[in-house]
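For reference, the chains in residue letters:
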Amino acid sequence: MKKYIRMFLALVLILCTCLHIYAEYPASTKHGCYKPEDGELIEGTLFGTPSYSGGSGDSYDKAWDGDRYTFFDPNAGATDSSYTGVETDEPWVVTEVRILPREGWLDRFEGAMIQGSNDGEEWYTVWESKLKAKDWKYGCYTGVRIDCPEEGYTMFRYVNLYTHGDVAEIELYGHPVSDAEAEELARKAAEESEQLQALLVEREEIAKHVMTSPSSSDPMTIIVALLVISGCLVVAMAVISAVQKNQKKKKPGSGKK
């Protein structure tokens, strides 16, 4: 009987080992989450502080390995000197945060934060959880950026200033600052183009009214109307050309791991 029990335990151990080996990052879409609609995965060089055990079983990199059964267990809680993070080659703007709490320690999700920095000294809160986790599953949070005086950051960390900061998995999504700026310029140019086109239509209506009014036989009135129409056309064409140039200049960026 003991022989069969040992064989069963050995099989369980082998199965668990295989699950850990074949875990892929990111894994949220494999566990009930939708594919991110805005932004791409932020990847880079991992960094962090020592774990509670001081070994590799609960080290900072375990929060970025795609394995929901591994976790980062910091050496101390409720302090900014215990964290796990990722550093990129260029500034990123975060659009979505995905967090999986540590199994069995859902209360330690309260106070969890994602913070951004460009120098490793000054950190700004991008996202924060003020509640305990309701259950053991990925949480997907969009519309982030609580306290971000800068456009983007090259360093992001998970830290908990309220309780012990255990965490199983972290996924960050966003856009490089270069992409975000180009999109914003294109959006503003498109809005200005629409406004000018609306103004052009309005001026054309006015010109038609002038041309068909009793005083339209006055040569000066006709000249003024034609100048108004031609001026609006020139301005509209200039704005449309600027929009096209901004779209051509836009170049996508990517993170490295």
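Structural data are supplied above this passage.
One numbering rule holds for all chains: residues counted from 1, following each sequence as written. It should be noted that, the model being predicted, local features are given only for residues of pLDDT at least 70 and side-chain atom pairs only at 80 or more, the latter also being counted only at that level, while totals for whole chains, interfaces and linings use all residues. Just so you know, side-chain values use all the structure's heavy atoms and leave hydrogens and water out.

### Structural notes on the overall build of the chain
Counting its secondary structure elements, the chain contains three helices and eight strands. Labels follow the DSSP assignment, with helices taken as runs of H or I lasting at least four residues and strands as runs of E lasting at least two, numbered in each case from the N terminus. Along its sequence from the N terminus, the chain presents helices and strands in the succession α-β-β-β-β-β-β-β-β-α-α. Burial classes: relative accessible area under 20% of the type maximum marks a residue as buried, over 50% as exposed, and values in between as partly exposed (1.4 Å probe, protein chains only). Residue burial in the chain is summarised as follows: out of 257 residues, 38% are buried. In this analysis, two residues are considered to be in contact whenever any of their non-hydrogen atoms come within 4.5 Å of each other. The long-range share in the chain, meaning contacts at least 24 apart out of those at least 6 apart in sequence, stands at 77%. As displayed, the chain has an accessible area near 15,200 Å², and 57% of this comes from carbon and sulfur atoms. Every accessible area reported is derived by Shrake-Rupley at a probe size of 1.4 Å, with residue values counting cover from the shown protein chains alone.

### Things to note about the pattern of salt bridges
The salt bridge criterion pairs a side-chain nitrogen of Lys or Arg with a carboxyl oxygen of Asp or Glu, the two atoms within 4 Å. Under the definition given, this model contains six salt bridges. With a shortest N-O distance of 3.3 Å, Lys30 and Glu24 are connected by a salt bridge. For Arg102, the salt bridge goes to Asp166, with nearest N and O atoms at 2.6 Å. Residue Arg102 is found in the loop between β3 (83–100) and β4 (112–117), and its partner Asp166 is found in the loop between β7 (153–160) and β8 (169–176); the two are separated by 64 residues along the sequence. The class of Asp166 is buried, set by a relative accessible area of 2%. Because the salt bridges share partners, they merge into one network encompassing Asp73, Arg102, Arg108 and Asp166.

### As for the nonpolar core
We call a set of buried Ala, Val, Leu, Ile, Met, Phe, Trp, Tyr and Cys residues a nonpolar core when their side-chain atoms join them within 4.5 Å. Formed by 27 residues in total, the largest nonpolar core has its most connected members in Ile99, Ile114, Phe156, Ile170 and Leu172. Every element with two or more residues in this core is listed here: β3, β4, β5 (124–128), β7 and β8. Filtering out sequence-adjacent residues up to four positions away, Leu172 remains in contact with Glu40, Leu41, Ile42, Trp64, Val86, Glu96, Val97, Ile114 and Phe156. The next biggest cluster of nonpolar side chains, apart from the first, holds five residues, and it includes Cys33, Leu100, Tyr138 and Ala168.

### Observations regarding a negative patch on the surface
Patch membership needs two things, relative accessible area over 30% and no salt bridge, and members are linked within 9 Å if like-charged or within 5 Å if nonpolar (Val, Leu, Ile, Met, Phe, Trp, Tyr). In this tally Asp and Glu are treated as negative and Lys and Arg as positive; neither His nor the chain ends contributes. Charge positions come from single atoms, namely NZ of Lys, CZ of Arg, CG of Asp or CD of Glu. Taken together, the side chains of Asp119, Glu121, Glu122 and Glu150 present a region of like negative charge at the surface. Its location among the elements puts Glu122 in the loop between β4 and β5. Assessed through its relative accessible area of 46%, Glu122 is described here as partly exposed.

### As for unusual backbone geometry
Note the cis peptide between Tyr25 and Pro26, where omega equals 0 degrees. Looking at the element boundaries, Pro26 is found in the loop between α1 (2–21) and β1 (40–41).

### Re the packing of aromatic side chains
Only the six-membered ring of Trp is used, alongside the rings of Phe and Tyr, when aromatic pairs are assigned; centres must lie within 6.5 Å, and planes under 30 degrees apart are stacked while those over 60 apart are edge-to-face, with the rest tilted. Taken as a whole and judged by the stated rule, the model has six aromatic pairs. Seen in terms of ring centroids, Phe109 and Trp127 are 5.9 Å apart; in terms of plane orientation they differ by 50 degrees. Their pairing is tilted. Within this pair, whereas Phe109 is found in the loop between β3 and β4, its partner Trp127 is found in strand β5, the two being separated by 18 residues in sequence. Look at Phe109 and you get buried, because its relative accessible area is 4%. On the numbers, 6.1 Å between centres and 25 degrees between planes, the contact of Tyr124 with Tyr153 is stacked. In this pair, Tyr124 sits in strand β5 while Tyr153 sits in strand β7, placing the two residues 29 residues apart along the sequence.

### A closer look at the pairing of β5
A large share of β5 lies buried, amounting to four of its five residues. Should DSSP find at least two bridges between two strands, the strands are taken to pair. Where β4 lies against β5, four bridges are found, and the strand directions are antiparallel. Residue Ile114 lies in a different strand from β5, and its bridge partner there is Trp127. A loop of six residues connects β4 with β5, the two strands running antiparallel in sequence, and Gly120 in this loop sits at a positive phi of about 80 degrees.

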